[in-house]
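Report on the structure
Residues per chain are reported as follows:
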Amino acid sequence: MHNGFFKLPSPFPPPRLLYHAAHMVVDFGLRLLSCATLRLARPLHALLLVSGRFDNVFLSTKLLNLYSRLGDLPSAALTFRHAPTKSVITWNSMIACYVHHGLLPDALTCFHRFLLTSSARPDPFTFPVTIKACWDLDWGKRIHSLAFRFGFVWNVFVSASLVHMYSRLGSIDDARKAFEEMPYKDQGSWNAMLSGLCQNGKAAEAAEVFKEMMILGLPMDKVTVSSVLPVCAPLDNLLLGAAIHVYCIKHGLDSDLFVSNAFIDMYAKSGRLEEAQKVFDGMADMDLVTWNSIISGYEQAGEVSSALKLFDGMKESGVRPDRLTIVSLASAVAQCGDDRTGRTVHGYILRRGWDSRDIFVGNAIVDMYGKLSKAEAAREVFDRMPVKDVITWNTLITSYSQNGLANEAIEMYESMQSRGGIAPIQGTLASVLPACAHVGALQQGMKIHGRAVRTGLQSDVFVATCLIDMYAKCGRPEEATHLFEQVPRRHTGPWNAIIAGLGVHGHGQRAVSLFSEMQEEGVKPDQVTFVSLLSACSHAGLVDHGRRCFEQMQTVHGLSPCGKHYACMVDLLGRAGRLDAAYELIATMPVKPDSGVWGALLGACRIHGNVELGKLASSHLFEIDAENVGYYVLLSNMYAKAGEWDGVDEVRSLARHRRLQKTPGWSSVEVNKKVTVFFTGGQSHPRYEEIQGELRALLAKMKSIGYVPDYSFVLQDVEEDEKEHILSSHSERLAIAFGIMSTSPGTPIRIYKNLRVCGDCHNATKFISKITAREIVVRDSNRFHHFRDGECSCGDYW
DNA sequence: TTAGGGTTAG
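Keep in mind that what you see is a predicted model, and the values were worked out from it rather than measured.

1. Some thoughts on the overall build of chain A
- Helix and strand counts for chain A come out as 43 helices and six strands.
- For chain A, whose C-alpha radius of gyration is 36 Å, the value lies well above the compact-globule estimate of 28 Å for 798 residues.
- Across its three principal directions, the C-alpha atoms of chain A cover 125 × 55 × 50 Å.
- For chain A, with 798 residues in total, the buried portion stands at 49%.

2. Some thoughts on helix α42 (residues 731-742)
- Taking 1.5 Å as the rise per residue, α42 with twelve residues should run 16 Å; its terminal C-alpha atoms sit 16 Å apart, in good agreement.
- Burial runs high along α42: ten of the twelve residues are buried.
- Of all the residues in α42, the buried ones are Ser731, Glu732, Arg733, Leu734, Ala735, Ile736, Ala737, Phe738, Gly739 and Ile740.

3. Regarding the sheet that holds strand β5 (residues 784-788)
- Strand order across the open sheet formed by six strands is β2-β1-β3-β4-β5-β6, with mixed pairing between neighbours. The sheet is open, and its two borders are formed by β2 (674-679) and β6 (791-792), each paired with just one other strand.
- Alignment of strand β3 (residues 749-753) against strand β4 (residues 776-779), held across four bridges, turns out to be parallel. For isoleucine 749, the partnering residue across the bridge sits in β4 and is isoleucine 776.

4. What about a negative patch on the surface?
- A cluster of acidic side chains, namely Glu644, Asp646, Asp649 and Glu650, defines a negative patch on the protein surface.
- With respect to the helices, strands and loops of the structure, glutamate 650 is situated in helix α39 (residues 645-657).
- Accessibility expressed as a relative area gives 57% for glutamate 650, which makes it exposed.

5. Notes on the nonpolar core
- Of all hydrophobic cores here, the largest spans 215 residues; its most connected members are Phe127, Ile244, Phe263, Ile349, Met368, Met470 and Leu601.
- Here the element with the most residues in this core is helix α28 (residues 461-473); it accounts for eight residues.
- Contacts of leucine 601, omitting those with residues within four sequence positions, involve Val570, Leu579, Ala582, Tyr583, Ile586, Leu613 and Ala617.
- In terms of nonpolar packing, the next biggest core, distinct from the first, is built from 32 residues, Ile736, Ile751, Cys758 and Ile768 among them.

6. A few points about the protein's contact with DNA strand B
- In the region of DNA strand B, 42 residues are neighbours, and Asp186, Asn191, Val289, Asn363 and Asp389 sit closest.
- Backbone sugar and phosphate groups make up 35% of those atoms of DNA strand B lying within 4 Å of the protein.
- Here lysine 132 contributes a side-chain N or O atom positioned 3.3 Å from a phosphate oxygen of DNA strand B.
- One of the side-chain nitrogen or oxygen atoms of glutamine 199 is found 2.6 Å away from a phosphate oxygen of DNA strand B.
- A per-element tally of the surface near DNA strand B places helix α12 (residues 187-199) first, with six residues.
- Its residues assigned to classes, the surface near DNA strand B shows 15 nonpolar, 17 polar and ten charged.

7. Some words on the pattern of salt bridges
- Evaluation of the coordinates by the stated rule reveals 26 salt bridges.
- A salt bridge links arginine 176 to glutamate 205; its shortest N-O distance comes to 3.0 Å. Residue arginine 176 is found in helix α11 (residues 172-180), and its partner glutamate 205 is found in helix α13 (residues 203-215); the two are separated by 29 residues along the sequence.
- In this structure arginine 176 comes out as partly exposed when scored by relative accessible area, which is 22%.
- Judged by its relative accessible area of 31%, glutamate 205 is partly exposed.
- With its nearest N and O atoms 3.6 Å apart, the salt bridge here joins glutamate 208 to lysine 211. You can see glutamate 208 and its partner lysine 211 sitting in helix α13, three residues apart, about one turn around the helix.
- For glutamate 208, a relative accessible area of 47% corresponds to the partly exposed category.

8. Some remarks on the packing of helix α38 (residues 629-641) against α39
- Where α38 contacts α39, the axes come no closer than 7 Å and their chain directions differ by 165 degrees. When the interaxial angle is binned, α38 and α39 end up roughly antiparallel. Judged by the sense of rotation from one axis to the other, the crossing of α38 with α39 is left-handed. Across from Tyr632, Leu635, Ser636, Tyr639 and Ala640 in α38, the residues of α39 making contact are Trp645, Gly647, Val648, Val651, Arg652, Leu654 and Ala655.
- Here the contact of α38 with α39 is built from residues that sort into nine nonpolar, two polar and one charged.

9. Some remarks on the pairing of β3
- Among the five residues of β3, five are classified as buried, and the element is accordingly described as predominantly covered.
- Residues Ile749, Ile751 and Lys753 point to one face of β3 and Arg750 and Tyr752 to the other, with burial holding for every one of them.
- Both strand β1 (residues 666-671) and β3 contribute to a ladder of three bridges, which runs antiparallel. By the bridge assignment for β3, valine 669 is matched with isoleucine 751.

10. Details of the UniProt feature "repeat: PPR" (unreviewed entry) in chain A
- If you check UniProt for "repeat: PPR" (unreviewed entry), the listed places come out as residues 87-122, 186-220, 256-286, 287-321, 389-423, 460-490 and 491-525 in our numbering.
- The span residues 389-423 carries 74% helix and 0% strand; its end-to-end C-alpha distance comes to 10 Å.
- End-to-end, the C-alpha atoms of residues 460-490 are 12 Å apart, and along that stretch the chain is 68% helix and 0% strand.

11. Some remarks on the packing of aromatic side chains
- Tallied over the full model, the rule gives 19 aromatic pairs.
- Here the aromatic rings of phenylalanine 80 and tryptophan 91 are separated by 5.1 Å at their centres, their planes lie at 80 degrees, and the arrangement is edge-to-face. Of this pair, phenylalanine 80 sits in helix α5 (residues 73-82) while tryptophan 91 sits in helix α6 (residues 88-100), and the two are eleven residues apart along the sequence. Take phenylalanine 80 and tryptophan 91: they sit in the same class, and that class is buried.
- An angle of 75 degrees between the planes, with centres 5.2 Å apart, marks the rings of phenylalanine 280 and tryptophan 291 as edge-to-face.

The rules behind each value
Residues numbered from 1 in each chain as written. Chains lettered and ligands numbered in written order. Predicted model: local features only at pLDDT ≥ 70, side-chain atom pairs only at ≥ 80, totals over all residues. Heavy atoms only, no water. Helix = DSSP H or I, 4+ residues; strand = E, 2+ residues; numbered from the N terminus. Rg over C-alpha atoms; globule rule 2.2 N^0.38 Å. Buried < 20%, exposed > 50% of the residue type's maximum accessible area, 1.4 Å probe, protein only. Expected span 1.5 Å × (residues − 1). Pairing = 2+ DSSP bridges. Patch = residues over 30% accessible without salt bridge, like charges linked within 9 Å, V, L, I, M, F, W, Y side chains within 5 Å. Areas by Shrake-Rupley, 256 points an atom, 1.4 Å probe, with all protein chains shown as cover. Salt bridge = Lys/Arg side-chain N within 4 Å of Asp/Glu carboxyl O. Lys, Arg positive; Asp, Glu negative; His and termini not counted. Charge placed at Lys NZ, Arg CZ, Asp CG, Glu CD. Core = buried A, V, L, I, M, F, W, Y, C linked by side-chain atoms within 4.5 Å. Contact = heavy atoms within 4.5 Å. Near = heavy atom within 4 Å. Polar contact = N/O pair within 3.5 Å; in protein donor to acceptor, adjacent residues only side chain to side chain. Nonpolar A, V, L, I, M, F, W, Y, C, P; charged D, E, K, R; others polar. Axes fitted to C-alpha atoms, helices over the stretch in contact; angles between N-to-C directions. Parallel < 35°, antiparallel > 145°, perpendicular 65-115°, else oblique. Left-handed = near helix turned anticlockwise from the far one by under 90°. UniProt positions renumbered as here; feature names shortened; annotations may be inferred. Phe/Tyr/Trp six-rings, centres within 6.5 Å; stacked < 30°, edge-to-face > 60°.

Right, here's the structure in full:
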């Protein structure tokens, strides 16, 4: 900025002014006003002191304001302290300076001292700034009554500040009262009320106030517009937003930065990204909010690459990203998976560092690592955060839960309450219950159910859905049904959960009749409902019914089937041995078949030993998803069953060549609320020898009543006794033996196996259930098997 | 010489 002071041609000070005191003061005043940097302010300060003009209250106050404007709080405070006389304006300026620098307690102390020590009285200017400094309701009310006592509440600036202060502190009723008591309302008063309502989430009331304003014929200014626009998206009232847009263009408000930012935000939140982009493209200058709004808009819409590209644009434009940018970026990276772009941004976040005290940023980064399947990194960030809130805990629990670390998730749930002293909320239960469901931790799940009942959360539809799912997946379909009967049924969630739950237990008929009930009660089925329903039909072998459902889904319910539905249908037809029909369905698919569809066909080919079609399915699978080792295992199993050992070798070397490793099989069993995991062939358990002894004893008894090991499930070409050993070290058998050893006779045993249970283990478990007179429930990656008295509920159809 | 009310969040 131009500064006249140092451009004077003659040596300072010009003699003419030196002898003219009044001119001198005015001249100093003007120079102080136009002074742009601290470097220029300091000599001026010195000159004021030397020339004795600092005693002039007008000039010392101006100097104080200059320091405040330039951001030098210590110098401003010093100037204030040394000023020999202080007018009400000096005090007002000092209070404003503290507020400007965010030192609210100091501002209030200053105000207090003003009242106690100064002979000057506050004026109407004192109050707006003091009201701004109130950080809690007590102070606010105290200052309010003082303003009243001084007779200033009728000043429109003071009362508008009160309205704003009360809404800022969440006391919207007080705000409304202050607003209604105003004898005269100017534009600013209406704006204060409007923004107050908006920020307290009272969108409908804000719309009412806005309508009132329109009826009174009050014009909108840029502040009105920026206050009203944020409620258009939550009210789902894009029409209002568009009308305001037209108004702004007509009245020339659309070139304002704040207004444009608010439009970008509104359009982005209503899912109208093209409109947001149009506003963005038309902007002459942009600030941090502009970039944050458009980036978060694309991120929320899942258009990650656009969001990341815009982030590059932001860096190029020289605008420094802030915590909000980081939050959006972290979510974008989380969505895009671990590709190269993701890594670049991730690196940027790491390099730039972040404040671990910032809960928002910390939570976003924990979430990001969780979604990138880096639970350990998520934990590290979590541990580094000195302050955690309930969302931080929920995020970490979800991250464990979704990465298969169910025990860790349950542990965190426990220590959240014991160590963190934080009570679980809806989201907590919704993240820990799927973990219980995943490993079959029934006792833990029941404990959480108890907590939900005590806190009233069990009637929450999300929690109830998770509970139904948990009971079903922990082998308690009756319990799940019982719970389902108690929850509100307006939402599809509980219906989908119970239909799927009955489906995996092979209760296809019950699932189908529940589906009819659902329609009778007027609940609209969605895509998920049909996935649950079709898979229920598939597990129960209800081929014709499944086909009808698939048709009705399109004709009656107007839902177009996605990959998952086709996969269910292929599974349904394939299991029933109708491989040709399954293949024909794939051939007529309007969309490209995904790996789920071909995987279902391959699985069916394995069951029915159709090597040729299996080869065809695998060739597609290796093209689509070459990294998934499961398909190589399926194909090699198929060859092994057919005795084609050359084929086995070929598939194995292919997998080796692609550096794929077989997913280790594991099974878990819950004993005394503790889940123990066994890996196939694993010998690390402290009671391994005992377990082997138990298994040997069982094997002898089993053989005596007719058990014959089926070596076709041993996929290695080895000697017979070696084969027997391989079969008896399958993880499900270790878990079953451990369960029998560690529980009292008659206790049901519940096993979870991460892969599909092997055919020989299935047969062996039937014998074990007979010998030990135990109910054994095995849940594998596909369905449930209830073994009782030598029989299995699936009727060997799986 | 000093004043109120505006956009983005896990």
